[in-house]
Amino acid sequence: MSSVKKRLHHRFDQWLKRRVPPSLHKILDNRSIFIFPTRLGFIYLFVMILVFVLGTNYQNNVIILLAYLLASIFITVMLQSYFNFKGLSIIGTAQVVGFANQQFNIPFTLESSKPRQSLNLRFIGQPTTTVDYLENKLSTTVVYTPLRRGEISLERLNIRSQHVLGLFNTWTWCDFGITAIVYPEAKPVSTRTLSKKLETGKVEDGDSGKFIDGNDDFQELNRYRQGEPLSQIAWKQFARGQGKYTKKYHQPVSNDVWLNLDDMPTYDIEVKLSYLCYLVGQYAGQNTNFGLNLKEKIIAPSTGHEHIQSCLYALATYGKQGEL
């Protein structure tokens, strides 16, 4: 049964894409507007037909005239409901960013050359934004709360109204092609528990006065010990008969911080990413040089807005490249 529903949903979606194609700027017309009587509308229609049948059965012109009056009101309301949508201009936005399980306020601009009333905008399963009255131009936001991280294509925006007596339900589905970059939900983690695991890198523009073994600068000669690599032997001194020595090099240590996925104190990959997201915010606020090591992607230590956005985007899309 679920497979049948999926096929029907897919066919409907394809039909809707042909009828209402994706666009950042949408002007509603007869192809994109749908209208159907509400429950109250069907009751009204039934009463209207009943009155007409009674009038013709008893050949009562007053009752027949009342039926015609009800019919004219019904048609007038239907046209008014349609023209409340026709020509309405909606402008969306291409991309929004935020964190999982936090509210996105997605901006939209509504424009109209005539007054519009009682417009309800929402994404499926999300709260409704109501525009009671629109004249000329209005900027509003529609709420969307993503439950998972990643690069998400938002579904169509539903715009609905029962304006004028509530006899008709008028609606449309608009696809603005909006992409939401959803960062992991930031979960606090103590930097004290990670202080020994936060790796340091090499200095480029000066050093902190501390050194570690490395391959940069020559430090000293030491007596050769069994098992040391042959590549480190001082062959010139050995050839002169001065004995067997090994060369020692060092490299300066910087204050750069490396945030490593494997260093996070949990086995849950989503929690690891949430911890890293929190740490990115912490070190960004301290204006500290930090790098990000996710194994599949490494971002060198740096600071600034672009670096922060690159790190957050890498966290948002980690392991999801094949799903996009």
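What you see is a predicted model, and the numbers here were worked out from it, not measured in a lab.

### A closer look at the overall build of the protein chain
Per the secondary structure count, the protein chain includes six helices and 15 strands. Looking at the protein chain residue by residue over its 324 residues, the buried ones come to 39%. Residue pairs at least 24 apart in sequence account for 66% of intrachain contacts in the protein chain once pairs closer than 6 positions are excluded. Carbon and sulfur atoms provide 53% of the accessible area of the protein chain, an area that totals close to 19400 Å².

### With respect to helix 6 (residues 305–316)
In a regular helix each residue adds 1.5 Å, so twelve residues correspond to 16 Å; helix 6 covers 16 Å between its end C-alpha atoms and thus fits that length. Along helix 6, the positions that sit buried rather than exposed are H307, I308, C311, L312, A314, L315 and A316.

### Notes on a nonpolar patch on the surface
Taken together, the side chains of L40, I43, F46, V47, L50, L54 and Y58 present a nonpolar region at the surface, about 700 Å² in accessible area. Among the structural elements, L54 can be located in helix 2 (residues 39–57).

### Section: the sheet that holds strand 13 (residues 257–260)
Pairing is mixed across the open sheet formed by three strands, whose spatial order is 13-14-15. Each end of this open sheet is capped by a strand with a single partner; those strands are strand 13 and strand 15 (298–302). The sheet shows a mean angle of 15 degrees between the axes of neighbouring strands, taken without regard to direction. Sheet topology places strand 14 (residues 290–293) next to strand 15; three bridges connect them, and they run antiparallel. Across the sheet, the residue bridging to L292 is I299, located in strand 15. Lying on the sheet, helix 5 (residues 269–285) is in contact with strand 13 and strand 14; it crosses strand 13 at an angle near 165 degrees. Packed on one face of the sheet, helix 6 meets strand 14 and strand 15 and runs near 155 degrees to strand 15.

### Thoughts on the packing of helix 2 against helix 3 (residues 61–83)
Taken N-terminus to C-terminus, the directions of helix 2 and helix 3 make an angle of 155 degrees; their axes are 8 Å apart at the nearest point. What the angle tells us is that helix 2 and helix 3 run roughly antiparallel. Here helix 2 and helix 3 pass one another in a crossing that is left-handed. Mapping the contact onto sequence places G41, Y44, L45, M48, V51, F52, L54, G55 and T56 in helix 2 and I63, I64, L66, A67, Y68, L70, A71, I73 and F74 in helix 3. Grouping the constituent residues of the contact of helix 2 with helix 3 by class yields 15 nonpolar, three polar and no charged.

### Some points on the sheet that holds strand 4 (residues 95–99)
Strand pairing in a sheet is mediated by backbone hydrogen bonds. Such pairs are either parallel or antiparallel. As summarised here, the arrangement of the three strands in space is 4-10-7, forming an open sheet in which the pairing is mixed. Pairing within the sheet leaves two strands with one partner each, and these edge strands are strand 4 and strand 7 (150–153). Strand-to-strand twist across the sheet, computed as the mean angle between neighbouring axes with direction ignored, equals 25 degrees. Pairing of strand 4 with strand 10 (residues 179–183) involves five bridges; the strand directions are parallel.

Rules used throughout
Residues numbered from 1 in each chain as written. Predicted model: local features only at pLDDT ≥ 70, side-chain atom pairs only at ≥ 80, totals over all residues. Heavy atoms only, no water. Helix = DSSP H or I, 4+ residues; strand = E, 2+ residues; numbered from the N terminus. Buried < 20%, exposed > 50% of the residue type's maximum accessible area, 1.4 Å probe, protein only. Contact = heavy atoms within 4.5 Å. Areas by Shrake-Rupley, 256 points an atom, 1.4 Å probe, with all protein chains shown as cover. Expected span 1.5 Å × (residues − 1). Patch = residues over 30% accessible without salt bridge, like charges linked within 9 Å, V, L, I, M, F, W, Y side chains within 5 Å. Salt bridge = Lys/Arg side-chain N within 4 Å of Asp/Glu carboxyl O. Pairing = 2+ DSSP bridges. Axes fitted to C-alpha atoms, helices over the stretch in contact; angles between N-to-C directions. Parallel < 35°, antiparallel > 145°, perpendicular 65-115°, else oblique. Left-handed = near helix turned anticlockwise from the far one by under 90°. Nonpolar A, V, L, I, M, F, W, Y, C, P; charged D, E, K, R; others polar.

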